[in-house]
Amino acid sequence: MSTLDAAFDILQCPSCGEPLAPAEGGASCTNRHHFDQARQGYLSLRAAHKGKGAPASGDTPEMLEARERFQGEGFHDEIRDAVLAAVPTDARGWLADLGGGTGWYAAAVLDARPELRGVVLDASAPAVRIAARAHERLAGVSADVWTGIPLRDASVAVALRIFAPGSAAEVRRILAPRGTVVFVVPHADHLRELGHGLKLMKVPAGKAEEAAASIPDAHVVSVHEVRQRVQLSVEQALDSVFMGPNAFHQDRAKVEKVLAEWQAPISVTIAVSIVTLQLA
Ligand SMILES: C[S@@+](CC[C@H](N)C(=O)[O-])C[C@H]1O[C@@H](n2cnc3c(N)ncnc32)[C@H](O)[C@@H]1O
Ligand SMILES: [Zn+2]
């Protein structure tokens, strides 16, 4: 049985909240909402968009490539190792990586925790296409985790939300008793040097405190800070800008022009907290 087939134990309809079952070409619920499975192996659980503004579309292929290069070069290894350390060694059941992108973190956790199976949920179809192939115990689902996570109540043992948005109430709803959630949030000075000369989005202060308080009936297991200075080439600095939401607001040619005037290596601060909460 594929991991996506097994995941029907925890998937729910994003439109009405009823359980989903496999159906011709994808999945459907008892209220006849139907969702397609892509040939590339991921399931598309996008409900009809009701909120204000455009529906979340997620990261573009160019952003994913930049992030894959940056992660592949080892700049997030310390963060990944801290995430691994935060997942209980005896964790079993389902892991949900919310806004999980290409599944880089989920695959590492699954490698280290053989009793877990996982699902990456992300608004970006090209991201979940990659995630669906990232590990044999990992499934990919495209979904908007802000408007509602298409997973059943109390269905996951471990949730990850790493550099990604989402509703804490929804995270609380999907966590099983004694379930663990690991947040990775940037500090206000994360990548701050790149903001000199470039008008990058500012990271608000207090995100770690906010994450720690976001599920009032969970207890804080740990808050671990990763703080390092890394030396980047101009290309790596470009990747670090264009692998995140700045890509939606910056003109690439302008950023390239500014960075070309800088002397490599460019010394940049990585500053994040790994905040781990557990339900009673
Ligand atoms: C900065 S990336 C982090 C990806 C991954 N967690 C990692 O660290 O490798 C943020 C991710 O959140 C996704 N995303 C943004 N808004 C979303 C939403 N409303 N629902 C689901 N995913 C979303 C993006 O597509 C992107 O993959
Ligand atoms: Zn439905």
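The shown structure was predicted, so the numbers you read here are calculated from the model rather than taken from an experiment.

K.L.:
For this particular structure, what's the right way to read the site of ligand 1?
P.N.:
Neighbouring ligand 1 are 20 residues; D59, D122, D144, V145 and I162 lie closest to it. Within the contact set of ligand 1, a nitrogen atom lies 2.8 Å away from a backbone nitrogen or oxygen of I162. Relative to its unbound accessible area of 590 Å², ligand 1 is 93% covered by the protein chains.

K.L.:
Can you help me understand the coordination of the zinc ion (ligand 2) in this one?
P.N.:
Protein coordination at the zinc ion (ligand 2) comes from C13 (SG), C16 (SG), C29 (SG) and H33 (ND1), with a distance range of 2.1 to 2.3 Å. The coordination sphere of the zinc ion (ligand 2) comprises four donor atoms, whose angles at the metal cover 101 to 115°; the geometry is tetrahedral. Between the donor residues of the zinc ion (ligand 2), the gaps in sequence give the motif C-x2-C-x12-C-x3-H. Taken as a pair, C16 in the loop between α1 (3-6) and β1 (21-23) and H33 in the loop between β2 (26-28) and β3 (34-36) lie far apart in primary sequence, 17 residues in all. Owing to a relative accessible area of 27%, H33 belongs among the partly exposed residues under this scheme.

K.L.:
Looking at this model, I keep getting lost on the sheet that holds strand β10 (residues 218-232). Mind explaining?
P.N.:
Across a sheet, paired strands are connected by hydrogen bonds in the backbone, their directions being either parallel or antiparallel. As summarised here, the arrangement of the eight strands in space is β4-β7-β6-β5-β8-β9-β11-β10, forming an open sheet in which the pairing is mixed. Strands at the two margins of the open sheet, each flanked by one partner only, are β4 (43-44) and β10. The sheet contact formed by strand β9 (residues 175-186) and strand β11 (residues 266-279) spans seven bridges and is antiparallel. Each residue of the ladder has a partner; that of V184, found in β11, is I274.

K.L.:
I tried to follow the sheet that holds β2 on my own but got confused; where do I start?
P.N.:
Across the sheet, which stays open at both edges, the three strands sit in the order β1-β2-β3 with antiparallel pairing between neighbours. The open sheet terminates on both sides in strands that have one partner only, identified here as β1 and β3. Each strand axis lies, on average, 35° off the axis of its neighbour in the sheet, ignoring direction. Pairing of β2 with β3, which is carried by three bridges, proceeds in the antiparallel orientation. Each residue of the ladder has a partner; that of A27, found in β3, is F35.

K.L.:
What am I meant to see in the side chain of D144 here?
P.N.:
Following the sequence through the fold, D144 ends up in the loop between β7 (138-142) and β8 (156-162). Buried D144, no salt bridge; nearest opposite-charge side chain is R46, N-O distance 4.7 Å. Looking at D144, its side chain comes within polar contact range of the main-chain nitrogen of W146, at 2.9 Å. Setting aside residues no more than four positions away along its own chain, D144 makes contact with R46 and A56.

K.L.:
Can you help me understand the packing of helix α8 (residues 234-242) against helix α9 (residues 252-260) in this one?
P.N.:
When two helices pack together, their arrangement is given by the angle between the helix axes and by the axis-to-axis distance. Contact geometry of α8 with α9 gives a least axis separation of 10 Å together with a crossing angle of 140°. Classified by the angle their axes make, α8 and α9 are oblique. When the axes of α8 and α9 are compared, the crossing they make is right-handed. Residues V234, A237, L238 and F242 of α8 pack against R252, V255, E256 and L259 of α9. Considered class by class, the residues forming the contact of α8 with α9 number six nonpolar, no polar and two charged.

K.L.:
Before we go on, may I ask you to explain the pattern of salt bridges in this structure?
P.N.:
Under the counting rule described, the total for this entry stands at 12 salt bridges. Residue R80 is joined to D81 by a salt bridge in which the shortest nitrogen-to-oxygen separation is 3.3 Å. Relative accessible area serves as the criterion here: at 22%, R80 is assigned to the partly exposed category. Look at the salt bridges and you will find they share partners, linking D77, R80 and D81 into a network.

K.L.:
Help me out: how do you make sense of the nonpolar core in this one?
P.N.:
Generally speaking, soluble globular proteins have nonpolar side chains that are buried together. L160, L194 and L259 are the most contacted members of the largest nonpolar core, which has 49 residues in total. Those residues in contact with L160, other than ones at most four positions away along the chain, are V83, V87, L95, A96, D97, L98, Y105, A106, V109 and V182. Ranked by size, the runner-up nonpolar core spans 40 residues in total, among them L121, A143, F183 and A208.

K.L.:
Any chance you could explain unusual backbone geometry here in plain terms?
P.N.:
Negative phi characterises most residues that are not glycine, and trans characterises most peptide bonds. Of note, the amide linkage connecting A264 to P265 takes the cis form, showing an omega dihedral of 0°. As for its placement among the helices and strands, P265 is situated in the loop between α9 and β11. Backbone geometry places R32, a non-glycine residue, at a positive phi of 65°. One can find R32 in the loop between β2 and β3. Judged by relative accessible area, which is 77%, R32 ranks as exposed. Phi at L191 is positive, roughly 55°, even though this residue is not glycine.

Scoring rules and cut-offs
Residues numbered from 1 in each chain as written. Chains lettered and ligands numbered in written order. Predicted model: local features only at pLDDT ≥ 70, side-chain atom pairs only at ≥ 80, totals over all residues. Heavy atoms only, no water. Near = heavy atom within 4 Å. Polar contact = N/O pair within 3.5 Å; in protein donor to acceptor, adjacent residues only side chain to side chain. Areas by Shrake-Rupley, 256 points an atom, 1.4 Å probe, with all protein chains shown as cover. Donors = N, O, S within 2.8 Å, 3.2 Å for Na, K, Ca; no water. Tetrahedral: all angles 85-135°; square planar, octahedral: opposite > 155°, others 65-115°. Helix = DSSP H or I, 4+ residues; strand = E, 2+ residues; numbered from the N terminus. Buried < 20%, exposed > 50% of the residue type's maximum accessible area, 1.4 Å probe, protein only. Pairing = 2+ DSSP bridges. Axes fitted to C-alpha atoms, helices over the stretch in contact; angles between N-to-C directions. Lys, Arg positive; Asp, Glu negative; His and termini not counted. Salt bridge = Lys/Arg side-chain N within 4 Å of Asp/Glu carboxyl O. Contact = heavy atoms within 4.5 Å. Parallel < 35°, antiparallel > 145°, perpendicular 65-115°, else oblique. Left-handed = near helix turned anticlockwise from the far one by under 90°. Nonpolar A, V, L, I, M, F, W, Y, C, P; charged D, E, K, R; others polar. Core = buried A, V, L, I, M, F, W, Y, C linked by side-chain atoms within 4.5 Å.

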